[in-house]
Amino acid sequence: QVQLAESGGGLVQVGGSLRLSCAASGIEFKAYTMDWYRQAPGKQRELVAEIQSGGGTFYVDSVKGRFTISRDNDKNTIFLQMNSLKPEDTAVYYCNARHITSSIQNYWGQGTQVTVSS
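The notes below deal with the structure included here.

Let us now look at the overall build of the protein chain. Looking only at helices and strands, the protein chain features 0 helices and 11 strands. Each helix and strand of the protein chain, placed in order from N terminus to C terminus, yields the pattern β-β-β-β-β-β-β-β-β-β-β. Dimensions of the protein chain, computed from C-alpha atoms along their principal axes, come out at roughly 40 × 25 × 25 Å. In the protein chain, buried positions account for 43% of the 118 residues. Long-range contacts, defined as pairs at least 24 residues apart, comprise 55% of the intrachain contacts of the protein chain with a sequence gap of at least 6. Within the structure as shown, the protein chain displays about 6,300 Å² of accessible surface, and the carbon and sulfur contribution to it stands at 45%.

Here is the structure:
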């Protein structure tokens with residue numbers, strides 16, 4: 001059974017930092033591209049950051065220079081270090097695992113709430 005378990009969300013003041021984690025089980029972790037998405041109230045879910053199996057990364061423009069995605073293949077875990085947080089970063093953050101060759105093997109976590117107060 002595939003499980004993606006996010007943790008690390010919470011309430012933080014503007015300018016603060018949080019570190020999200022997503023622990024994966026039930027998948028061949030090294031064969032997956034791992035993503036962080038977020039969804040704010042009333043908005044569509046958006047891709048925030050991606051880390052490929054080989055370590056390549058992508059960031060949406062709004063978080064470049066503030067967020068860093070990383071992965072630990074030994075622990076089947078990805079991280080999202082979020083610095084200089086802004087109120088517009090408030091959202092539920094979701095972990096996604098996408099197999100590098102099979103679009104059917106696509107899994108989501110349940111999400112973790114991040115709230116940035118001004």
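Attention now goes to the side chain of Arg71. Of note, Arg71 is situated in strand β7 (residues 67-72). For Arg71, which is buried and forms no salt bridge, the nearest opposite charge comes from Asp35, at a distance of 8.2 Å. Of note is the side chain of Arg71, whose polar atom sits 3.1 Å from the backbone oxygen of Gln52. Discounting chain neighbours no more than four positions away, the residues touching Arg71 are Phe29, Lys30, Tyr32, Thr33, Met34, Ile51, Gln52, Ser53, Thr77 and Ile78.

Throughout the structure, instances matching the rule amount to 1 disulfide. Note that Cys22 is cross-linked by a disulfide to Cys95, the S-S spacing being 2.1 Å. On the sign convention where negative is left-handed, the bridge of Cys22 and Cys95, at about -75° about the S-S bond, is left-handed. Note that Cys22 is positioned in strand β3 (residues 18-25) and Cys95 in strand β9 (residues 91-99), a separation of 73 residues in sequence.

Our focus in this paragraph is the side chain of Thr77. Its place among the elements puts Thr77 in strand β8 (residues 77-82). A distance of 2.8 Å separates a polar atom in the side chain of Thr77 from the backbone oxygen of Lys75.

Glancing now at the pattern of salt bridges. For the structure shown, the criterion picks out 6 salt bridges. Put simply, Arg38 and Glu46 hold a salt bridge, and the shortest N to O gap is 2.7 Å. Of the charged contacts in the structure, one is a salt bridge between Arg38 and Asp89, with a shortest N-O distance of 3.0 Å. With Arg38 in strand β4 (residues 32-39) and Asp89 in the loop between β8 and β9, this residue pair connects regions lying 51 residues apart in the sequence.

Moving on to the packing of aromatic side chains. Within this structure, the stated rule accounts for 2 aromatic pairs. Geometrically, the ring pair formed by Tyr32 and Tyr107 is tilted, given 6.3 Å between the ring centres and 40° between the ring planes. Placement of the pair is Tyr32 in strand β4 and Tyr107 in strand β10 (residues 106-108), with a sequence separation of 75 residues. For Tyr32, a relative accessible area of 3% puts it in the buried group. Using a relative accessible area of 25% as the deciding quantity, one classes Tyr107 as partly exposed.

Thresholds, definitions, all that
- Residues numbered from 1 in each chain as written.
- Predicted model: local features only at pLDDT ≥ 70, side-chain atom pairs only at ≥ 80, totals over all residues.
- Heavy atoms only, no water.
- Helix = DSSP H or I, 4+ residues; strand = E, 2+ residues; numbered from the N terminus.
- Buried < 20%, exposed > 50% of the residue type's maximum accessible area, 1.4 Å probe, protein only.
- Contact = heavy atoms within 4.5 Å.
- Areas by Shrake-Rupley, 256 points an atom, 1.4 Å probe, with all protein chains shown as cover.
- Lys, Arg positive; Asp, Glu negative; His and termini not counted.
- Salt bridge = Lys/Arg side-chain N within 4 Å of Asp/Glu carboxyl O.
- Polar contact = N/O pair within 3.5 Å; in protein donor to acceptor, adjacent residues only side chain to side chain.
- Disulfide = S-S within 2.5 Å.
- Phe/Tyr/Trp six-rings, centres within 6.5 Å; stacked < 30°, edge-to-face > 60°.

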